[in-house]
Amino acid sequence: KLNELSHIKDYLNRADAFASTKSYEEALIELQKVLELDNSNREALTRKSQIDEILSKINKTIKELEEQETKAEEKNEYDLAMVICNKLIDSDIKNVKKWTVRFQSIKAQKDNLDKIKKEVNRINKEVEDATSNNDWEKVIKLCQSGINIQQNAVFEEKLKNAKDKLQKLLIQAKIAKIQEQIIEA
C-alpha cells in the first residue's frame, strides 16, 4: 500500500510537470496510471477533469482558427491567413509542422500574387502611355500580354477598344490611299 502511494505521488507529480508544459496528453496518461491504482483518487479525477476542459477549449479554438484561416485564404486575404496560421502553430502543438508548411504555402501564394499585381500595374501604365500616344498596335500587344498574366476585364475592354481604333485607322488609311489613286488618275 505504501508503495502504491509512492507511485501515485510520482504519477501526480509527473502529470503536473506535463500539464505545466502544455503536454496534456502525457499528463492524462500519468493520471490514468493513478486511476488504475485508485479509481476514486480525487486529485487525479480533478486534474483529469481540468485537463479535459482545457483540451476541449483548445480544440474549439483550433477549429475556429482553421475555419477563419480557410475563409481568409479563399478571399485571398493572405496576410490575415498567415497571422491565423501563426496562432495555429502556437495552439495546435500536435500539428506544428502542418501549420508551418501551410504558412509557407500561403506566403508563396501571397508573394506570387504580389508579383502578378506588380506586373499587371506595370503593363497597365504602359497601356495608358500607349493609349495617349494612339499607338493601338502596342496597346493590343500589351493588353494581350496582361490577359495572359491574369484574366482581367479592364485589359479585355481596352483590347477591344484598341482593335476597334486600329481597324478604323486602317480603314481610313485605305480610303486615303484610294482617294490618292483617284486623284492621280
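In this text, all values refer to a predicted model and were calculated from it rather than measured experimentally.

A. Expanded view of the nonpolar core. Counting residues in each nonpolar core, the largest one holds 14 residues, and the members touching the most others are Val127, Val139, Cys143 and Phe155. The biggest single contributor to this core is helix H6 (residues 136-149), with six residues. In this view, Val127 contacts Val139, Leu142, Cys143, Phe155 and Lys158; residues no more than four positions away in its chain are not counted.

B. Structural context of the pattern of salt bridges. What the rule picks out here adds up to 18 salt bridges. When the shortest N-O distance is used, the salt bridge between Lys48 and Asp52 registers 3.1 Å. Linking Lys48 with Asp52, this pair stays in helix H3 (residues 42-74), spanning four residues, or about one helical turn. Exposure remark for Lys48: the relative accessible area of 28% places this residue in the partly exposed category. Linking Asp114 and Lys110 is a salt bridge whose minimum nitrogen-to-oxygen distance equals 2.9 Å. Here Asp114 and its partner Lys110 are both found in helix H5 (residues 96-132), four residues apart, which amounts to about one turn of the helix.

C. View of the packing of helix H1 (residues 2-20) against helix H2 (residues 24-37). Put simply, H1 and H2 touch, their axes get as near as 8 Å, and they point 165° apart. As summarised for this structure, H1 and H2 are arranged roughly antiparallel, according to the angle between their axes. In this structure, the crossing between H1 and H2 has a hand that is left-handed. Contacts between H1 and H2 involve Glu4, His7, Ile8, Tyr11, Leu12, Arg14, Ala15, Phe18 and Ala19 from the former and Tyr24, Glu26, Ala27, Glu30, Leu31, Lys33, Val34 and Leu37 from the latter. Tallied by class, residues from the contact of H1 with H2 come to eleven nonpolar, one polar and five charged.

D. Just H6, in detail. For H6, with 14 residues, the first-to-last C-alpha span of 20 Å sits near the 20 Å given by 1.5 Å per residue. Structurally, H6 contributes buried residues whose contacts are with H5 and helix H7 (153-184).

E. Examining the environment of Ala162 more closely. Mapped onto the fold, Ala162 is located in helix H7. Taking relative accessible area as the criterion, Ala162 reaches 0% and is therefore assigned buried. Separated by 25 residues in the primary sequence, Ala162 and Glu137 place their C-alpha atoms 7.6 Å from one another. Apart from residues no more than four positions distant in its own chain, Ala162 is found in contact with Trp136, Val139 and Ile140.

F. Up close: H1. With 19 residues, H1 ought to run about 27 Å at 1.5 Å a step, and its terminal C-alpha atoms sit 27 Å apart, in line with that. Lining the buried residues of H1 we find H2 and H3. Two residues or fewer after H1 comes Lys22, characterised by a positive phi angle close to 65°.

Conventions used here
Residues numbered from 1 in each chain as written. Predicted model: local features only at pLDDT ≥ 70, side-chain atom pairs only at ≥ 80, totals over all residues. Heavy atoms only, no water. Core = buried A, V, L, I, M, F, W, Y, C linked by side-chain atoms within 4.5 Å. Buried < 20%, exposed > 50% of the residue type's maximum accessible area, 1.4 Å probe, protein only. Helix = DSSP H or I, 4+ residues; strand = E, 2+ residues; numbered from the N terminus. Contact = heavy atoms within 4.5 Å. Salt bridge = Lys/Arg side-chain N within 4 Å of Asp/Glu carboxyl O. Axes fitted to C-alpha atoms, helices over the stretch in contact; angles between N-to-C directions. Parallel < 35°, antiparallel > 145°, perpendicular 65-115°, else oblique. Left-handed = near helix turned anticlockwise from the far one by under 90°. Nonpolar A, V, L, I, M, F, W, Y, C, P; charged D, E, K, R; others polar. Expected span 1.5 Å × (residues − 1).

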